[in-house]
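Survey of secondary and tertiary structure
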Amino acid sequence: MSAAIVPTRTMTVESAPRTATRLRLTRRGRIVFTALASLPLVVWALVTVLGSGGAAAEGGSSAPASSFEYVTIGQGDSLWAIAESLAPDGDPRVLIDEIIRLNGLDDAVVEPGQRLALPVVP
């Protein structure tokens, strides 16, 4: 009996030659690049939002700005009582909401001595 020796060849797989990239960005570089790329969009959004304030203020009401009455809150006065005295036949809640919006109040609580602008009710 004879033995045959078979040489084994190890096959190495050669990978394709790597092409060198021209630009390699780090994480910080990608953040900076993204921020710079999005900057025009952010500026456009700010201009749009801040620029629309004048149009909203002009088109908000049809009454001139000088058509207000002013009242000084006395002891025991409430917005409900003031709204009922201004429009006895109307819904006081609507007028109270208008007074709160007009004077920039956080809620319907008023203090004695506080001066409020009231809308002129036709």
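Scope of this entry: the structure provided in the associated data block.

1. A few points about the pattern of salt bridges
Scanning the model with the defined rule gives two salt bridges in all. Note that Asp91 and Arg93 form a salt bridge whose closest N and O atoms lie 3.2 Å from each other. On the basis of relative accessible area, Asp91 is assigned to the partly exposed category, the value being 36%. Residue Arg93 is classed as exposed on the basis of its relative accessible area of 53%. Its salt-bridge partner being Glu98, residue Arg101 comes within 2.6 Å of it at the nearest N-O pair. Of this pair, Arg101 and Glu98 both sit in helix 3 (residues 92-103), three residues apart, which is roughly one turn of that helix. The exposure class assigned to Arg101 is exposed, which follows from its relative accessible area of 54%. Residue classification places Glu98 among the partly exposed positions, given a relative accessible area of 27%.

2. A short note on the nonpolar core
Residues Leu79, Ile99, Leu105, Val110 and Leu116 are the most contacted members of the largest nonpolar core, which totals 13 residues. Taken together, the elements giving at least two residues each to this core come down to helix 2 (79-86), helix 3 and strand 2 (115-119). Among the elements that make up this core, the one with the highest residue count is helix 3 (four residues). Look past the residues within four positions of Leu116 in its chain and what remains in contact with it is Glu69, Tyr70, Val71, Ile73, Leu79, Ile99, Asn103, Leu105 and Val110.

3. Here's the deal with the environment of Asp77
You can see Asp77 is positioned in the loop between strand 1 (68-72) and helix 2. Its relative accessible area of 37% is what places Asp77 among the partly exposed residues. Remark: the alpha-carbon pair of Asp77 and Pro112, spanning 35 residues in sequence, is separated by 7.6 Å. Residue contacts for Asp77: discarding those within four places in its chain leaves Thr72 and Val110. A distance of 2.9 Å separates the side chain of Asp77 from the backbone nitrogen of Gly74, its partner in a polar contact.

4. A look at the packing of aromatic side chains
Here the structure, examined in full by the defined rule, presents zero aromatic pairs. We note Arg115 situated over the ring of Tyr70; from NZ or CZ to the ring centre the distance is 4.4 Å.

5. Thoughts on helix 3
Taking 1.5 Å of rise per residue, twelve residues should cover 16 Å, and helix 3 covers 16 Å from first to last C-alpha, within 8% of that figure. Among all positions of helix 3, only Pro92, Leu95, Ile96, Ile99 and Ile100 are buried. All buried residues of helix 3 fall inside an arc of 140 degrees around its axis, so they share one side. Opposite the packed face of helix 3, turned more than 90 degrees from it, sit the exposed residues Arg93, Val94, Asp97 and Arg101. Buried residues belonging to helix 3 abut helix 2 and strand 2. Just beyond helix 3, the residue with positive phi is Gly104, at close to 70 degrees.

About the thresholds
Residues numbered from 1 in each chain as written. Predicted model: local features only at pLDDT ≥ 70, side-chain atom pairs only at ≥ 80, totals over all residues. Heavy atoms only, no water. Salt bridge = Lys/Arg side-chain N within 4 Å of Asp/Glu carboxyl O. Buried < 20%, exposed > 50% of the residue type's maximum accessible area, 1.4 Å probe, protein only. Helix = DSSP H or I, 4+ residues; strand = E, 2+ residues; numbered from the N terminus. Core = buried A, V, L, I, M, F, W, Y, C linked by side-chain atoms within 4.5 Å. Contact = heavy atoms within 4.5 Å. Polar contact = N/O pair within 3.5 Å; in protein donor to acceptor, adjacent residues only side chain to side chain. Phe/Tyr/Trp six-rings, centres within 6.5 Å; stacked < 30°, edge-to-face > 60°. Lys NZ or Arg CZ within 6 Å of the ring centre and 35° of its normal. Expected span 1.5 Å × (residues − 1). Arc of directions from axis to C-beta.

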